[in-house]
Structure formats: structure tokens, C-alpha cells
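Chain residues, written in single-letter form:
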Amino acid sequence: MSLELILIFSLTVFVTSIIPGPSMLLALTHGMQYGAKKTIISALGNVTATFIQALISVVGLGALLVASETAFEVIKWFGAGYLFYMGVGMLRASRESHTNKLDNKKAGPFSPLRMFMQSFIVTAGNPKAIIFFGAVFPQFIDSTMPIVPQAAILVSICGLSAFCCYMIYGMGGEKASFIFSSSSVGKYIKRVIGSTFIGSGVALALSAKS
């Protein structure tokens, strides 16, 4: 695998990952609520799910997911349901009273496991990521060279890109936390985020494989 191919793959994955979506929106939310440093835990959940999705594609299970309508639908509806659940939670939280200063009590108690699992489930609940990796990986693997080292490089790039993109949003959320802390503005931000999660869940539920 040439350096040129590695750079092209890295750029492709980074651009795909940085596009706003449920995972990046969650990173922004965690950054606003808990700060960028604690959002690292959430980012690790995203990276773990990304690693698993990439490995599934590498070993060929991505093709099985494409062929199996049932497997695709189960993962899709699970992910859609969880996004809807999180969206409703944000809308309910927007009705609660706000102080003029954001604190962890109002954002919810800091739970590393909860943050990790939220990010992991949101990321893992998108079956299209597996299909994407399954479609992209073959374009960058040289069949005349050992497959395992090449696959290891590609999967590592996917994980690193996922972490960097997640933390970019997390740091952005921390910088914008002063807006979120305003009682009136924060209420509407929560409503927008909650509605977006619900919309993403509905879009995922209505989406097809291709």
C-alpha cells in the first residue's frame, strides 16, 4: 500500500466523519455539558464502535449485512429508536429550569460509563457505516500484498479519524458552553438538539441500504 493511497483513504474517511450527524451532535452536546476533557470518554465509545464496524467490514461480514435484509433492519431500527429516545430526553430536559451558570447537576450527573455507552450505541446503531467501510476498503487494499497489515493500517486510520473528528466537535461544544448556560438560550438549544436527534432517528428508520 503506497503512501499516496494511505493519504487519500485518510482524507476520504476524515471528510466522511466530520460531516455533522448524530455522533458529532452528541459530541457537541457532551462538550457543552461536561467539557472537552471529559468528552474524551465519549470519543472512546465512538472509536470503539468504529473499530468494530471497520473490523466487521474487513472480515467480510459487511457483505452479509448487505445481503441480509433482517440484520440490516434490526440494527437500523435499534439505532433509530435510541436516537428518538435521546431526542425525547433532550426535549424533556429543555422544560426544566436553568440557572445562569451551567453546572453538572443541571447537565446530569457525570457518568463515564453512561457517556461511553451513549456514544457507542449511537455510532453502532448506524448499519450504513459497515456498508460504507465494506465498499471503501477493497478500493485501497492491494491484493498482491499481505492483507492483514494493510487492513490494520486502514482500521487504525478509521479509529484515529473518528477520535479527531469527535473531539473537534467536543471542543467546539466546550467553547460554546457559555451560550448553553443562558437559561433562555440554553432551553432552545436543547430543543433544537433534541428535535435533531428525533429527526435523525426518523431519517434512519426510513432509510434504505443504498
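Note that the structure is predicted; figures quoted are calculated from it, not measured. Going along each chain's sequence as written, the residues are numbered from 1 onward. pLDDT decides what is reported in this predicted model: residues at 70 or higher carry local features, side-chain atom pairs at 80 or more are listed and counted, and totals for whole chains, interfaces and linings draw on all residues regardless. Working from all heavy atoms in the structure, the side-chain values ignore hydrogens and water.

A. Just the overall build of the chain, in detail. Assigned secondary structure in the chain consists of eleven helices and zero strands. Contact definition: two residues touch when any of their heavy atoms are within 4.5 Å. Partitioning the contacts of the chain with sequence separation of at least 6, the portion at a separation of at least 24 is 89%. Computed with the Shrake-Rupley method and a 1.4 Å probe, the accessible areas treat only the protein chains shown as cover for residues. Accessible surface, the chain as shown: approximately 10,700 Å² in total, 72% of it carbon and sulfur. For helices the rule is a DSSP run of H or I covering at least 4 residues; for strands it is a run of E covering at least 2, with both sets numbered from the N terminus onward.

B. Spatial organisation of the packing of aromatic side chains. Pairing of aromatic rings covers Phe, Tyr and the six-membered ring of Trp, with a centre-to-centre limit of 6.5 Å; geometry is then stacked below 30 degrees between planes, edge-to-face above 60, and tilted otherwise. Scanning the model with the defined rule gives one aromatic pair in all. Where Phe-116 meets Phe-120, the ring centres are 6.4 Å apart and the plane angle is 10 degrees; that geometry is what we call stacked. Taken together, the residues span about one helical turn, with Phe-116 and Phe-120 both in helix H7 (residues 112-124) at a distance of four residues. Per-residue accessibility, obtained with a 1.4 Å probe over protein chains only, is compared with the maximum for each type, and a residue is labelled buried under 20%, exposed over 50%, and partly exposed between these values. Overall, Phe-116 belongs to the partly exposed group, its relative accessible area being 23%. Judged by its relative accessible area of 21%, Phe-120 falls in the partly exposed class.

C. How the structure looks around the state of the cysteines. Note on terminology: disulfide denotes any pair of cysteine sulfur atoms within 2.5 Å. Applying the stated criterion across every chain, the model contains zero disulfides. Cys-164 provides the cysteine sulfur closest to Cys-165, a residue in no disulfide bond, and the two sulfurs are 6.8 Å apart. Residue class for Cys-165 comes out buried when judged on its relative accessible area of 0%.

D. Broad picture of the packing of helix H3 (residues 36-58) against helix H9 (residues 147-175). The N-to-C vectors of H3 and H9 enclose an angle of 150 degrees; their axes lie 8 Å apart at closest approach. Taken as axis vectors, H3 and H9 run roughly antiparallel relative to one another. Seen from above, H3 lies across H9 with right-handed handedness. Axes here mean lines fitted to C-alpha atoms, for a helix over just the part in contact, with angles spanning 0 to 180 degrees between N-to-C directions. Any angle between 65 and 115 degrees counts as roughly perpendicular, while under 35 counts as roughly parallel, over 145 as roughly antiparallel, and the rest as oblique. Two helices cross in a left-handed way if the nearer one is turned anticlockwise from the farther one by less than a right angle. They cross in a right-handed way if the turn is clockwise.

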